[in-house]
Amino acid sequence: MRRTALITGLGLLFVLWTVLPLADRASFTVHMIAHMGVVAGAAPLIAIGLSGTRFDFLSNLPWLTPLTASLIELFAVWIWHIPVLRALSETWSLIAVLEQLIFLGAGLALWLSCLGGAATGREERRLTGTFGLLFTSMHMTLLGALLALSPRSLYGDGEVSCLGVTLSAAVDQQAGGVVMLLVGAAVYLAGGVALLARTLNAPLPDR
């Protein structure tokens, strides 16, 4: 199962970073599909594959708890959606690469802190991971709602091509916000609920 998850996650990452950029880079919706695909698709699958192995880099970082990782992802996500940084990412390929690497690193840190890490205390981290994932779901939902409901475009004007469909900048931003709203709410909420269920169903320790 771990190998399948790892291969699937790496394959998804390959598609997101090679095929999807062939679409119009100016489209905010295309950016958001890539962003959510990395942090809520590829990252959890790769984390499942790496958790508990010698490649689980969180095994030696006990200070990186799910709540800490959730805050790191919050700053990474919100900062990279500042209009100035979005414009730089669309213009400069190196900035776009840096952005995607930060998204992947933050996503892996969060999911590995919930699923992996040192064997000691892993059960306790599941409960903390529930709160970390639910908090992430909340701030992703909030940002997605703000982008979708914004009365004006924050990322330029005019028209853009989104997967072959011509959209105004405002509609493109709203569609991207909806992608974040739906995917962020669904994936992180489902992950938090799954961790909580595993915690509640775990056998009681022998006394």
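Residues numbered from 1 in each chain as written. Predicted model: local features only at pLDDT ≥ 70, side-chain atom pairs only at ≥ 80, totals over all residues. Heavy atoms only, no water.

Draft legend 1. Expanded view of the overall build of the protein chain. Within the protein chain one finds seven helices and two strands. Across the protein chain, helices and strands are ordered from the amino to the carboxyl terminus as α-α-α-α-α-α-β-β-α. Along the first, second and third principal axes, the C-alpha set of the protein chain runs to 65 × 30 × 25 Å. Sequence separation of 24 or more characterises 78% of the internal contacts of the protein chain that already satisfy a separation of 6 or more. Across the protein chain, the 11 positively charged side chains and the 11 negatively charged ones have centroids separated by 13 Å. (Helix = DSSP H or I, 4+ residues; strand = E, 2+ residues; numbered from the N terminus. Contact = heavy atoms within 4.5 Å. Lys, Arg positive; Asp, Glu negative; His and termini not counted. Charge placed at Lys NZ, Arg CZ, Asp CG, Glu CD.)

Draft legend 2. Just the nonpolar core, in detail. By size, the foremost hydrophobic cluster in this structure holds 39 residues, and its most contacted members are Met36, Val38, Val39, Leu133, Met140, Met180 and Tyr188. For this core, the secondary-structure elements that each account for two or more residues are α1 (2–19), α2 (28–50), α3 (66–79), α5 (93–115), α6 (122–149) and α7 (169–201). It is α2 that contributes the most residues to this core, 13 residues altogether. Leaving out residues up to four positions away in the same chain, Met140 has contacts with His35, Met36, Val39, Glu73, Val77, Met180, Gly184 and Tyr188. (Core = buried A, V, L, I, M, F, W, Y, C linked by side-chain atoms within 4.5 Å. Buried < 20%, exposed > 50% of the residue type's maximum accessible area, 1.4 Å probe, protein only.)

Draft legend 3. Quick look at the pairing of strand β1 (residues 159–162). What you see with β1 is a clean split: Val160 and Cys162 sit on the buried side and Glu159 and Ser161 on the side with no burial. Bridge count between β1 and strand β2 (residues 165–168): four bridges; the pairing is antiparallel. Residue pairing for β2: Val160 is matched across the bridge by Leu167. Linking β1 back to β2 in an antiparallel pair, the connection comprises two residues, with Leu163 at a positive phi of about 55 degrees. (Pairing = 2+ DSSP bridges.)

Draft legend 4. Summary view of the pattern of salt bridges. Under the definition given, this model contains two salt bridges. Arg86 is the partner of Glu90 in a salt bridge, and the nearest nitrogen-oxygen pair spans 3.9 Å. Placement of the pair is Glu90 and Arg86 together in helix α4 (residues 83–91), with a separation of four residues, close to one helical turn. Among the residues examined, Glu90 registers a relative accessible area of 25% and is labelled partly exposed. Since its relative accessible area comes to 3%, Arg86 is described here as buried. The salt bridge involving Glu99 is made with Arg86; its shortest N-O contact spans 2.7 Å. (Salt bridge = Lys/Arg side-chain N within 4 Å of Asp/Glu carboxyl O.)

Draft legend 5. Geometry of the packing of α2 against α7. The interhelical angle for the contact between α2 and α7, taken along N-to-C directions, is 15 degrees, at an axis separation of 8 Å. Classified by the interaxial angle, the pair formed by α2 and α7 is roughly parallel. Handedness of the α2/α7 crossing: right-handed. Of α7, the residues touching α2 (which contributes Phe28, Thr29, Met32, Ile33, His35, Met36, Val39 and Ala40) are Asp172, Gln173, Ala175, Gly176, Gly177, Val179, Met180, Val183, Gly184, Val187 and Tyr188. Class assignment of the residues belonging to the contact of α2 with α7 gives a composition of 12 nonpolar, six polar and one charged. (Axes fitted to C-alpha atoms, helices over the stretch in contact; angles between N-to-C directions. Parallel < 35°, antiparallel > 145°, perpendicular 65-115°, else oblique. Left-handed = near helix turned anticlockwise from the far one by under 90°. Nonpolar A, V, L, I, M, F, W, Y, C, P; charged D, E, K, R; others polar.)

Draft legend 6. A look at a nonpolar patch on the surface. Taken together, Leu71, Phe75, Ile79, Ile82, Val84, Leu88, Trp92 and Phe135 make up a surface patch of nonpolar side chains, about 770 Å² in accessible area. Mapped by element, the contributors of at least two residues to the nonpolar patch are α3 and α4. When you line up the elements, Ile79 lands in helix α3. Take Ile79: its relative accessible area is 40%, and that puts it in the partly exposed class. (Patch = residues over 30% accessible without salt bridge, like charges linked within 9 Å, V, L, I, M, F, W, Y side chains within 5 Å. Areas by Shrake-Rupley, 256 points an atom, 1.4 Å probe, with all protein chains shown as cover.)

Draft legend 7. Layout of the side chain of Thr136. Mapping Thr136 onto the fold places it in helix α6. Engagement of the side chain of Thr136 in a polar contact is seen with the side chain of Ser70, the distance being 2.8 Å. What Thr136 contacts, discounting residues up to four positions off in sequence, is Ser70, Glu73, Leu110 and Tyr188. (Polar contact = N/O pair within 3.5 Å; in protein donor to acceptor, adjacent residues only side chain to side chain.)

Draft legend 8. Examining the packing of aromatic side chains more closely. Under the criterion given, the structure shown has two aromatic pairs. Consider the rings of Phe28 and Tyr155, whose centres lie 4.7 Å apart with planes at 15 degrees: the pair is stacked. Of this pair, Phe28 sits in helix α2 while Tyr155 sits in the loop between α6 and β1, and the two are 127 residues apart along the sequence. On the accessibility criterion, Tyr155 (16% relative accessible area) is buried. Taking the centre distance of 5.5 Å and the plane angle of 20 degrees together, the rings of Trp111 and Tyr188 count as stacked. (Phe/Tyr/Trp six-rings, centres within 6.5 Å; stacked < 30°, edge-to-face > 60°.)

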